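# Overview (structure and organization)
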Amino acid sequence: MSFAAPFRRSLIPRTTRTIASRYPCSKRRCFASVTSSTTTPEAPREPEGTREVPMTVGDGGSGTVRPVRQRHGSDRLVFPGAVNSKFTNRLQFRMSDPNEAIETYRVMDTEGQIVDETHGLDFEGLKEQTLKMYKSMVTISIMDQIMYDSQRQGRISFYIVNAGEEGIAVGSAAALSEQDVIYAQYREAGVLMYRGYTLEEFMAQCFSNKNDDGKGKNMPIHYGSRRLNFHPISSPLATQLPHAAGAGYALKLEGTPACAVTYFGEGAASEGDFHAALNIAATRGCPTVFICRNNGYAISTPTLEQYKGDGIASRGVGYGIDTIRVDGNDAWAVYKVTKEAREIAIAQKKPVLIEAMSYRVSHHSTSDDSFAYRARVEVEDWKRRDNPITRMRKFMELRNWWDQDKDTQLRTQARKDLLKAFNAAEREKKPAISNLWEDVYDKPTKDQWAQMEEMKDILDRYGEEYDLDMYDGGKGGVVIKK
Ligand SMILES: Cc1ncc(C[n+]2csc(CCOP(=O)(O)OP(=O)(O)O)c2C)c(N)n1
Ligand SMILES: [Mg+2]
């Protein structure tokens, strides 16, 4: 299968060479500090090719390393770190050309028309999947409205909406297998929705009720699901990235035909963890797919103030990682590149970076008012111009798969289902108080038992001051059942 826009990577030749010990002394002196201690500027000349200095290039973590050889009189530098660099007498500082940014791959345009005829996707065969993708995106957008409003009414404490970026989460999720291990940031509820996280599970987590897998220990939208191979969301930005590199490495060592997939915003890519993760994934050959959602903002900081250079994609190229930039509002393009990235990661045992471009239509979270730092008209323009949900709808309508009636029916039913789950979750009891101590250590410590006893004593004496009925088991739920 071929891409209109190819995955990019820096040029590293397949064959690596050894630095010959016969390098002229004047030049060899330049390398003396990085060659082995056996190679000093004063070392006697040896016939060409007879001796290799122990300077090697790793092959991505398989444990074998190949020697690098610099031939006498070569027109290029063959050196670890720059294994195919031509010598030049032109002094020139390099930087990316601002007028020639890395291209953005599309399968369909904003009208839902196919623009890459080489996409190789069998859309007729994918009809059922298309409907599932569309339904997931629509359901997420309605859930967002309900949950956002409920936070404003004080019924949940916090929420982050996905508006404008549903295509990235759902398009990529549709291309993955259940075995792939997911490490997300927080604006990827579509991944969970597509993988089969139920509306009841979403609501239980947001209301921190007794059915929440995390037993209320996390803020709303910090979902996690062992069943769906989805690690819990972690608030500190970018911590998921080294985890995903490590998980990819583990899958490779186990020989599992799956990859780790991690999502992050372009703002999170300013964290050191991003660089550590990309470098270790590249050098150890980890089958990890890094998916950056570049939505134009890190809370109030616009991308143009976050970095110079050609976005996040250019960093992947810099780390020697196969990289592609994609139109994040085109769910088919995201699907296609994720599918291809997954195959590369697993078959070739190496990471891939996808930079998906979109726009954060919403405020950053319920704690943010984005009109304090961006104009309303900017947001309205984006909403009118392009949207992953309407694009997919147009795609389906062009094939006579969809119409207004079906759309109304889908939205009415989704809203009904969501409100039912919402109301049930809101009425459900909170986890038993004993969960304050449970699942912290393997077994509760002596100190924790003492704290439980103390809490029990306080509630025995002053219980009527608290609404204990809202907790599972009431006052009786304070002490862990042995
Ligand atoms: C280590 C760390 N620093 C700062 C924050 C506060 N913070 C939360 S979200 C965010 C912006 C992240 O922007 P981006 O990664 O682009 O994601 P987006 O919200 O745009 O989806 C910041 C600075 C944090 N959670 N963790
Ligand atoms: Mg962002």
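Within any chain, residue numbers begin from 1 and follow the written order of that chain's sequence. Here every chain gets a letter starting at A, and every ligand a number starting at 1, in the order they are written. Selection of residues for local features in this predicted model requires a pLDDT of at least 70, selection of side-chain atom pairs for listing and counting requires 80 or more, and totals for whole chains, interfaces and linings are taken over all residues.

Looking at an unreviewed UniProt entry, one finds the protein chain named 2-oxoisovalerate dehydrogenase subunit alpha and attributed to Arthrobotrys oligospora. UniProt positions are given in the numbering used here, feature names are shortened, and annotations may be inferred rather than shown by experiment. UniProt annotates the protein chain under Function (unreviewed entry) with the comment "The branched-chain alpha-keto dehydrogenase complex catalyzes the overall conversion of alpha-keto acids to acyl-CoA and CO(2). It contains multiple copies of three enzymatic components: branched-chain alpha-keto acid decarboxylase (E1), lipoamide acyltransferase (E2) and lipoamide dehydrogenase (E3)." Quoted verbatim from the Subcellular location (unreviewed entry) field of the UniProt record, the comment on the protein chain reads "Mitochondrion matrix".

Moving on to the overall build of the protein chain. In DSSP terms, a helix is any run of H or I states spanning at least four residues, a strand is any run of E spanning at least two, and both are numbered starting from the N terminus. Counting its secondary structure elements, the protein chain contains 14 helices and 12 strands. Counting other C-beta atoms within 10 Å of a residue's own tells you its class, since 20 or more makes it buried, 12 or fewer makes it exposed, and anything in between is partly exposed; those C-beta atoms are placed from the backbone. Relative to its full complement of 482 residues, the protein chain shows a buried share of 39%. What counts as a contact here is a pair of residues whose C-beta atoms, placed from the backbone, lie within 7 Å. If you take every contact in the protein chain between residues at least 6 apart in sequence, the share linking residues at least 24 apart comes to 73%.

All right, on to the nonpolar core then. Val-289 and Ile-354 are the most contacted members of the largest nonpolar core, which totals 95 residues. In terms of residue count, helix α10 (residues 331–348) provides more of this core than any other element does, 9 residues in total. For Val-289, the contacting residues outside a window of four places in its chain are Cys-259, Val-261, Thr-338, Ala-341, Arg-342, Ala-345, Val-352 and Ile-354. We call a set of buried Ala, Val, Leu, Ile, Met, Phe, Trp, Tyr and Cys residues a nonpolar core when their C-beta atoms link them within 7 Å.

This next bit is on the sheet that holds strand β6 (residues 230–231). Sheet strands associate in pairs through backbone hydrogen bonding, adopting either a parallel or an antiparallel arrangement. Strand order in this open sheet of 6 strands is β6-β5-β7-β8-β12-β11, and the pairing throughout is parallel. Whereas interior strands pair on both sides, the edge strands pair on one side only; in this sheet they are β6 and β11 (322–327). A pair of strands is treated as paired once DSSP finds two or more bridges between them. In this structure, strand β5 (residues 181–183) lies alongside β6, joined through 2 bridges in parallel fashion. The residue of β6 that forms the bridge with Tyr-183 is His-231. Contacts from helix α6 (residues 240–254) reach β5, β6, β7 (260–265) and β8 (288–294) within the one sheet, and its direction differs from that of β7 by about 165°. The angle between two axes is taken between their N-to-C directions and runs from 0 to 180 degrees, where each axis is a line fitted to C-alpha atoms and a helix contributes only its stretch in contact.

A word on the site of ligand 1. Taken together, 15 residues form the shell around ligand 1, and within it Leu-237, Gly-265, Gly-267, Ala-268 and Ala-298 come nearest. Amino acid classes used here: Ala, Val, Leu, Ile, Met, Phe, Trp, Tyr, Cys and Pro are nonpolar; Asp, Glu, Lys and Arg are charged; the rest, including Gly, are polar. Residues that form the shell around ligand 1 fall into these classes: 6 nonpolar, 5 polar and 4 charged. In this analysis, residues qualify as near a molecule or strand once their C-beta atom, positioned from backbone atoms, comes within 6 Å of it.

It is worth spelling out the packing of helix α2 (residues 127–152) against helix α3 (residues 166–173) at this point. Contact pair α2 / α3: the axes reach a minimum separation of 10 Å and the direction vectors enclose 145°. Judged by the twist between their axes, the crossing of α2 over α3 is right-handed. Seen from α2, the contacting residues are Met-133, Ser-136, Met-137, Ile-140 and Ser-141; seen from α3, they are Glu-166, Gly-167, Val-170 and Gly-171. Residue classes in the contact of α2 with α3 are distributed as 4 nonpolar, 4 polar and 1 charged. Crossing handedness follows the turn of the near helix against the far one: under a right angle anticlockwise gives a left-handed crossing, and clockwise gives a right-handed one.

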